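Survey of secondary and tertiary structure
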Amino acid sequence: MGYTGYTDMIYRIGFLIQNEIDNKNHASGITAFIGDIPEEKMHSFVELLHENRQKPILVTGTGFCAPLQEFMVRKLLVLGYCAIGSNSYEVYESGALNAGLVIAISKSGKTDTILKPVQDSFAQHRSIIAFVGADNSPIARCADPAFVLLDDKMLDDRNLTANYFYARVLITFEYLMDLVLEKDEHPNGKEGQ
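Here the structure is a predicted model, which means the values were calculated and not measured.

Membership of the largest hydrophobic core comes to 31 residues, with the highest contact counts inside it found for Phe 45, Leu 49, Leu 76, Ile 129 and Phe 131. Of all the secondary-structure elements, those providing two or more residues to this core are helix H2 (39–51), strand S1 (56–60), helix H3 (66–78), strand S3 (101–106), strand S4 (127–132) and helix H7 (165–185). The greatest single-element share of this core, amounting to 7 residues, is contributed by H7. Residues within four places of Leu 49 in sequence aside, it is in contact with Ile 57, Leu 76, Tyr 81, Leu 101, Ile 129 and Val 180. Counting residues in hydrophobic clusters, the runner-up holds 16 residues, among them Leu 115, Ala 130, Val 132 and Ala 146.

Moving on, we get to the layout of surface pockets. Of the voids in this model, the largest pocket is the one considered here, and its volume is about 1100 Å³. Taken together, 40 residues form the lining of the largest pocket, with Lys 107, Ser 108, Gly 133, Ala 134 and Met 154 sitting closest to its centre. Looking at the lining of the largest pocket, the elements that each hand over two or more residues are helix H1 (6–25), S3 and strand S5 (146–148). Top element by residues in the lining of the largest pocket is H1. It accounts for 6 residues. A per-class count over the lining of the largest pocket returns 19 nonpolar, 12 polar and 9 charged.

Taken together, Ile 13, Leu 16, Ile 17 and Ile 21 make up a surface patch of nonpolar side chains, about 320 Å² in accessible area. In this fold, Ile 17 is placed in helix H1.

Within the secondary structure, Thr 60 is located in strand S1. Leaving out residues up to four positions away in the same chain, Thr 60 has contacts with Gln 69, Ser 86, Asn 87, Tyr 92, Val 102, Ile 103, Ala 104, Ile 105, Thr 113 and Ile 114.

Here is what the cut-offs are and how they apply
- Residues numbered from 1 in each chain as written.
- Predicted model: local features only at pLDDT ≥ 70, side-chain atom pairs only at ≥ 80, totals over all residues.
- Heavy atoms only, no water.
- Core = buried A, V, L, I, M, F, W, Y, C linked by side-chain atoms within 4.5 Å.
- Buried < 20%, exposed > 50% of the residue type's maximum accessible area, 1.4 Å probe, protein only.
- Helix = DSSP H or I, 4+ residues; strand = E, 2+ residues; numbered from the N terminus.
- Contact = heavy atoms within 4.5 Å.
- 1 Å grid on protein atoms, 1.4 Å probe; cavity = no way out; pocket = protein on both sides within 12 Å on 5 of 7 lines; lining within 4 Å.
- Points joined across faces, edges and corners; volume = space filled by probe spheres on them.
- Nonpolar A, V, L, I, M, F, W, Y, C, P; charged D, E, K, R; others polar.
- Patch = residues over 30% accessible without salt bridge, like charges linked within 9 Å, V, L, I, M, F, W, Y side chains within 5 Å.
- Areas by Shrake-Rupley, 256 points an atom, 1.4 Å probe, with all protein chains shown as cover.
- Salt bridge = Lys/Arg side-chain N within 4 Å of Asp/Glu carboxyl O.

Okay, structure coming up:
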């Protein structure tokens with residue numbers, strides 16, 4: 001059955017059951033989850049983008065998250081940010097680029113090639129924003145804010161079935177960037193000034 005033993009089977013079946021409950025609770029629509037994101041996390045995202053307007057922003061994501069990484073980099077670039085997509089450990093270890101912010105994308109929240117740059121950034125006191133599918137994952141624990149988005153198929157690590165986690169990341173990022181643009185247009189929160 002593909003399990004390493006009885007304990008592994010029970011552990012994974014527990015995940016599947018919880019995942020099904022989460023799926024049913026979030027079935028109202030793909031954008032309904034945005035209302036579940038705490039306002040302080042959205043505010044933190046906006047503030048971190050503004051604080052790092054003049055510094056390089058590193059974006060890391062691999063595998064199925066690589067297209068999201070590329071999208072985020074392009075979006076930030078067209079909005080005037082200095083964004084660099086990189087998974088190279090050396091960039092994060094050395095701090096040579098003097099980046100103030102790292103954006104990490106990982107469905108599992110523990111992908112080694114993303115976790116190491118995040119941990120290096122955490123050790124160097126860089127701000128970290130994460131988009132993950134697992135709440136108590138190592139990447140989520142290093143980030144503030146961590147946007148934990150529903151992973152429809154937690155155990156499908158090869159992405160053989162439909163999974164809207166990636167769409168949720170994209171929609172959430174676009175929504176958050178809209179908030180950033182609103183603050184750019186109205187820095188004091190007052191329209192027309």
